[in-house]
Amino acid sequence: MLKALTLIFTCQLVGELCAKGTGLPVPGPVLGMVILFLFFSLKRGIPPEIDAVGRGLMQNMSLLFVPAGAGVMVHFKLLGQDLLPIGFSLVAGTLITIALTGWLMKKLSGGGKDHE
């Protein structure tokens, strides 16, 4: 279990170093996930130890949102001042994401044509 957790955090660290070192506008943890995905692709699957650790992390994911929620409450007054732009950004971003996902799925699935 410790080896699996170490691998996950090492991928995150390498991703963070790549993001900072290259100046890419991509978060380090995202690059770390790409590195982990490439590792799984080379292994042609997810090793059972990493699967178990990943499932454990996913089951407790809600705990990781507590600090973010506390941060939002600390700056609640600031958020209230910019409620309109924040609300617009959230709604517009959600609608754009839904539309783009639908368009991409249609393109990747053959444009909605019947497959024979």
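Refer to the structure presented above.
Residues numbered from 1 in each chain as written. Predicted model: local features only at pLDDT ≥ 70, side-chain atom pairs only at ≥ 80, totals over all residues. Heavy atoms only, no water.

Novice: Describe in detail the packing of aromatic side chains, supporting the description with residues and values.
Specialist: One pass over the full model with this rule turns up one aromatic pair. Between Phe39 and Phe40, the aromatic rings sit 5.8 Å apart at their centres with planes inclined by 55°, giving tilted as the arrangement. (Phe/Tyr/Trp six-rings, centres within 6.5 Å; stacked < 30°, edge-to-face > 60°.)

Novice: I'd like a rundown of the nonpolar core, residues and numbers included.
Specialist: Formed by Ala4, Ile8, Cys11, Leu36, Phe40, Ile50 and Val53, the largest nonpolar core amounts to seven residues. Of all the elements in the fold, those that place two or more residues in this core are helix 1 (2-22), helix 2 (28-43) and helix 3 (48-59). In terms of residue count, helix 1 provides more of this core than any other element does, three residues in total. Among all residues touching Cys11, those that are not within four sequence positions of it are Gly32, Ile35 and Leu36. (Core = buried A, V, L, I, M, F, W, Y, C linked by side-chain atoms within 4.5 Å. Buried < 20%, exposed > 50% of the residue type's maximum accessible area, 1.4 Å probe, protein only. Helix = DSSP H or I, 4+ residues; strand = E, 2+ residues; numbered from the N terminus. Contact = heavy atoms within 4.5 Å.)

Novice: Give me the pattern of salt bridges: which residues, what numbers.
Specialist: It is possible for side chains bearing opposite charge to pair when their charged atoms get close. Counted under the stated rule, the structure contains one salt bridge. Between Arg55 and Asp51 there is a salt bridge whose closest N-O contact spans 3.1 Å. Here Arg55 pairs with Asp51, and both are found in helix 3, just four residues apart, close to one helical turn. Given a relative accessible area of 53%, Arg55 falls into the exposed group. A residue is classified by how much of its surface remains accessible, and Asp51, at 29% relative accessible area, is partly exposed. (Salt bridge = Lys/Arg side-chain N within 4 Å of Asp/Glu carboxyl O.)

Novice: Pulling in residues and values, what's your account of a nonpolar patch on the surface?
Specialist: A contiguous nonpolar patch, built from Leu24, Val26, Val30, Met33, Val34, Phe37 and Leu38 and spanning about 630 Å² of accessible area, is present on the exposed surface. Tracing the backbone shows Leu24 in the loop between helix 1 and helix 2. Its relative accessible area of 43% is what places Leu24 among the partly exposed residues. (Patch = residues over 30% accessible without salt bridge, like charges linked within 9 Å, V, L, I, M, F, W, Y side chains within 5 Å. Areas by Shrake-Rupley, 256 points an atom, 1.4 Å probe, with all protein chains shown as cover.)

Novice: Residues and numbers for unusual backbone geometry, please.
Specialist: A positive phi angle, near 60°, is found at Arg44, a position not held by glycine. By the secondary structure assignment, Arg44 is in the loop between helix 2 and helix 3. For Arg44, a relative accessible area of 79% puts it in the exposed group.

Novice: Can you break down the packing of helix 1 against helix 3 residue by residue, with the values?
Specialist: In contact at an axis separation of 8 Å, helix 1 and helix 3 are set at 70° when each is read in the N-to-C sense. The angle between the axes of helix 1 and helix 3 places the two elements in the roughly perpendicular class. Residues Ala4, Leu5, Leu7 and Ile8 of helix 1 touch helix 3, and the partners they reach there are Glu49, Ile50, Val53 and Leu57. Looking at the contact of helix 1 with helix 3 residue by residue, the classes come out as seven nonpolar, no polar and one charged. (Axes fitted to C-alpha atoms, helices over the stretch in contact; angles between N-to-C directions. Parallel < 35°, antiparallel > 145°, perpendicular 65-115°, else oblique. Nonpolar A, V, L, I, M, F, W, Y, C, P; charged D, E, K, R; others polar.)

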